[in-house]
Amino acid sequence: DAGVIQSPRHEVTEMGQEVTLRCKPISGHNSLFWYRQTMMRGLELLIYFNNNVPIDDSGMPEDRFSAKMPNASFSTLKIQPSEPRDSAVYFCASSGQGALTEAFFGQGTRLTVV
Amino acid sequence: LAKTTQPISMDSYEGQEVNITCSHNNIATNDYITWYQQFPSQGPRFIIQGYKTKVTNEVASLFIPADRKSSTLSLPRVSLSDTAVYYCLVGGHQAGTALIFGKGTTLSVSS
């Protein structure tokens, strides 16, 4: 397996534009996590899914952020409209049945909003 | 989820053994202790997991005392490439459990 695949690796966009980040989890994994990492706030859990169902989205900073998982092999994180303070590295991770079994992270998407 | 406390940073030299301790006073009976490692510009990577006593793999050892209120990650003979942030997580194995990271410990290894 190629591991967790995120796209794009880098994204530069202007304030106010819509941004969509994509994630393909490892085949067979049941849980998927979206994180945001900045120097100031560290690694923050935004939302996580189990069997394609959102379990907890309390980490989503505001209504501008939304996430979907239409099937077991694909998830998106959308920011609309984007703001400069959204600049961060966004990670997607997946794990097998039973969380806190080993979770695998993607390479991340570095988002810059200017 | 049990709250964890670990040192913000540690310094070491190549070849030394490094021990990073994590406190988790409110650990629940069915909670496991997991450690992750993160290099710059990469996502975290699973290192080791344990429930009690000692666990050892090719990368590290994890020591957990009987009361399980703390744990120690031991890295034998560190090298420059072990410079990274190390995170301690505590939680259960139930499906749908969140994976929440604290601030972690930044380990700097120098020659």
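Our subject in this report is the structure included herewith. (Residues numbered from 1 in each chain as written. Chains lettered and ligands numbered in written order. Predicted model: local features only at pLDDT ≥ 70, side-chain atom pairs only at ≥ 80, totals over all residues. Heavy atoms only, no water.)

### Focus on the overall build of chain A
Along the backbone of chain A there are zero helices and eleven strands. Ordered by position from N to C terminus, the α and β elements of chain A give β-β-β-β-β-β-β-β-β-β-β. Against the compact-globule benchmark of 13 Å for 114 residues, chain A has a radius of gyration of 13 Å, which places it among compact chains. Overall, the C-alpha framework of chain A stretches about 40 × 25 × 25 Å when taken along its three principal axes. Within the span of chain A, comprising 114 residues, buried residues form 51% of the whole. Considering only contacts in chain A between residues 6 or more positions apart, those separated by 24 or more positions represent 53%. A total accessible area of about 5,500 Å² is found for chain A, and carbon and sulfur atoms account for 50% of it. Distance from the positive charge centre (10 side chains) to the negative charge centre (12 side chains) of chain A: 3 Å. (Helix = DSSP H or I, 4+ residues; strand = E, 2+ residues; numbered from the N terminus. Rg over C-alpha atoms; globule rule 2.2 N^0.38 Å. Buried < 20%, exposed > 50% of the residue type's maximum accessible area, 1.4 Å probe, protein only. Contact = heavy atoms within 4.5 Å. Areas by Shrake-Rupley, 256 points an atom, 1.4 Å probe, with all protein chains shown as cover. Lys, Arg positive; Asp, Glu negative; His and termini not counted. Charge placed at Lys NZ, Arg CZ, Asp CG, Glu CD.)

### Concerning the interface of chain B and chain A
With 23 residues of chain B at the interface, the matching set in chain A holds 24 residues. For the pair chain B and chain A, the summed buried area comes to about 1,800 Å², and 57% of that belongs to carbon and sulfur atoms. For the side of chain B that touches chain A, the elements supplying multiple residues, two or more each, are strand 3 (32-38), strand 4 (45-50) and strand 8 (84-91) of chain B. (Buried area = accessible area lost by both parts, 1.4 Å probe.)

### Remarks on the state of the cysteines
All names here are of chain A. The full count for this structure, using the stated rule, is two disulfides over all chains. Two residues share a disulfide in this structure: Cys23 and Cys92, whose sulfurs sit 1.9 Å from each other. Taking the sign of the torsion about the S-S bond as the criterion, the disulfide between Cys23 and Cys92, at about -65 degrees, is left-handed. Linking Cys23 in strand 3 (residues 19-24) with Cys92 in strand 9 (residues 88-95), this pair joins segments that are 69 residues apart in sequence. For Cys23, a relative accessible area of 1% translates into the label buried. (Disulfide = S-S within 2.5 Å.)

### Description of the packing of aromatic side chains
Going through the model one piece at a time under the given rule, you end up with eleven aromatic pairs over all chains. Where B:Tyr32 meets B:Tyr51, the ring centres are 5.2 Å apart and the plane angle is 55 degrees; that geometry is what we call tilted. In this pair, B:Tyr32 is assigned in strand 3 and B:Tyr51 in the loop between strand 4 and strand 5 (53-56), connecting sequence segments 19 residues apart. Taking the centre distance of 5.1 Å and the plane angle of 90 degrees together, the rings of B:Tyr87 and B:Phe101 count as edge-to-face. Residue B:Tyr87 is found in strand 8, and its partner B:Phe101 is found in the loop between strand 8 and strand 9 (105-110); the two are separated by 14 residues along the sequence. Taken as a pair, B:Tyr87 and B:Phe101 share a single burial class, namely buried. Site record: aromatic cluster; members linked through ring pairs are A:Phe33, A:Tyr35, A:Tyr48, A:Phe91, A:Phe105, B:Tyr36, B:Phe46, B:Tyr87 and B:Phe101. We note B:Arg68 situated over the ring of B:Tyr51; from NZ or CZ to the ring centre the distance is 3.9 Å. (Phe/Tyr/Trp six-rings, centres within 6.5 Å; stacked < 30°, edge-to-face > 60°. Lys NZ or Arg CZ within 6 Å of the ring centre and 35° of its normal.)

### Let's talk about the nonpolar core
Residue and element names in this part refer to chain A. In terms of nonpolar packing, the biggest core is built from 21 residues, with Trp34, Leu77 and Tyr90 touching the most fellow members. Breaking this core down by element, the ones donating at least two residues are strand 3, strand 4 (31-38), strand 5 (42-50), strand 7 (65-71), strand 8 (74-79), strand 9 and strand 11 (109-113). Apart from residues lying up to four places away in sequence, Tyr90 is in contact with Gln6, Leu21, Tyr35, Arg36, Leu46, Phe65, Leu77, Ile79, Gly108, Thr109 and Leu111. (Core = buried A, V, L, I, M, F, W, Y, C linked by side-chain atoms within 4.5 Å.)

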